[in-house]
Amino acid sequence: GDEPAVVVPLDALLAELAAVADARTLVLDTVPLERRVRPVALGRAFANLIDNALEHGRPPVSLVHRPGPGPEGFTIRVRDVGEGIPSEQWARALEPFQRLDRARGGQGHCGLGLAIAERVAREHGGRLRAGSDGPGEGFEVIFEGEGLPA
């Protein structure tokens, strides 16, 4: 909450986060876009979303970044082809320390990833939501945010 907001190129920030993954498992689709954000918080949120998709989904994972909603907004979608989270469990998944499948909670996982990402989305004037093409056909987490005031 104390991190100052600065103008950053979101495409470069996302490319840096994606660089830790194998290019065959993570596909990056961005456009040049600068927004005033809290880059450390945003980076942590997206590192969690990417980690969740790689850990619990099935590759390939795509990270798609576009402008909007709104004139200063941005939307970033993290998509995999795994089973995803059932819609009736989404609200619970956003709560801290929730792991929907205890068998998936391995070493170092404590159920905070989505809760952190959701909090960062709200701090950026937006929200975190889920989308699905149906069971086993793809799942995405959609982060919508607004550029922060100077």
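What counts and how
Residues numbered from 1 in each chain as written. Predicted model: local features only at pLDDT ≥ 70, side-chain atom pairs only at ≥ 80, totals over all residues. Heavy atoms only, no water. Axes fitted to C-alpha atoms, helices over the stretch in contact; angles between N-to-C directions. Helix = DSSP H or I, 4+ residues; strand = E, 2+ residues; numbered from the N terminus. Parallel < 35°, antiparallel > 145°, perpendicular 65-115°, else oblique. Left-handed = near helix turned anticlockwise from the far one by under 90°. Contact = heavy atoms within 4.5 Å. Nonpolar A, V, L, I, M, F, W, Y, C, P; charged D, E, K, R; others polar. Pairing = 2+ DSSP bridges. Core = buried A, V, L, I, M, F, W, Y, C linked by side-chain atoms within 4.5 Å. Buried < 20%, exposed > 50% of the residue type's maximum accessible area, 1.4 Å probe, protein only. Arc of directions from axis to C-beta. Salt bridge = Lys/Arg side-chain N within 4 Å of Asp/Glu carboxyl O. Polar contact = N/O pair within 3.5 Å; in protein donor to acceptor, adjacent residues only side chain to side chain.

Draft legend 1. Expanded view of the packing of helix H2 (residues 39-56) against helix H4 (residues 113-123). Packing of H2 against H4 leaves a shortest axis separation of 9 Å and a crossing angle of 140°. Between H2 and H4, the crossing angle belongs to the class labelled oblique. Here the hand of the crossing between H2 and H4 comes out left-handed. Contact residues: Ala 41, Leu 42, Arg 44, Ala 45, Asn 48, Leu 49 and Asn 52 in H2; Gly 113, Leu 114, Ile 116, Ala 117 and Val 120 in H4. Along the lines of polarity and charge, the residues of the contact of H2 with H4 split into eight nonpolar, three polar and one charged.

Draft legend 2. Broad picture of the sheet that holds strand S4 (residues 61-67). Ordered in space as S2-S4-S5-S7-S6, the five strands form an open sheet in which the pairing is mixed. Each having just a single partner strand, strand S2 (26-29) and strand S6 (127-132) make up the two edges of the open sheet. Each strand axis lies, on average, 15° off the axis of its neighbour in the sheet, ignoring direction. The pairing of strand S5 (residues 73-80) with strand S7 (residues 139-146) spans eight bridges and is classified as antiparallel. Along S7, the bridge assignment pairs Phe 74 with Gly 145.

Draft legend 3. Looking closely at the environment of Asn 52. Looking at the secondary structure, you find Asn 52 in helix H2. Note: C-alpha distance between Asn 52 and Gly 113 (61 residues apart in sequence) is 7.5 Å.

Draft legend 4. Structural context of the environment of Val 64. Here Val 64 lies in strand S4. The spatial distance from the C-alpha of Val 64 to the C-alpha of Thr 75 is 8.1 Å, given a sequence separation of eleven residues.

Draft legend 5. How the structure looks around the nonpolar core. In this structure, Leu 42, Phe 46, Leu 128 and Phe 143 are the most contacted members of the largest nonpolar core, which totals 34 residues. When contributions to this core are tallied by element, the ones reaching two or more residues are helix H1 (10-18), H2, S4, S5, H4 and S7. Per-element tally for this core: the top contributor is H2, with seven residues.

Draft legend 6. Seen up close, H1. Restricting attention to buried positions, one finds in H1 the residues Leu 10, Leu 13, Leu 14, Leu 17 and Ala 18. Mapping the buried residues of H1 onto a view down its axis gives an arc of 135°, with all of them on the same face. Here the buried face of H1 lies against strand S1 (6-9), S2, strand S3 (34-37), H2, S4 and S5.

Draft legend 7. Up close: the pattern of salt bridges. Summed over the entire model, instances satisfying the criterion amount to seven salt bridges. Of the charged contacts, one joins Glu 144 and Arg 127 as a salt bridge, the two residues approaching to 3.0 Å between their closest N and O atoms. In this pair, Glu 144 is assigned in strand S7 and Arg 127 in strand S6, connecting sequence segments 17 residues apart. Note on Glu 144: relative accessible area 14%, which makes it buried.

Draft legend 8. Representation of the side chain of His 65 within the structure. On the secondary structure map, His 65 appears in strand S4. Taking the relative accessible area as the measure of exposure, His 65 reaches 0% and is therefore buried. Of the polar contacts made by the side chain of His 65, one reaches the backbone oxygen of Val 31; its length is 3.3 Å. Excluding residues within four positions of it along the chain, His 65 makes contact with Leu 10, Asp 11, Leu 14, Asp 29, Thr 30, Val 31, Leu 33, Thr 75 and Ile 76.

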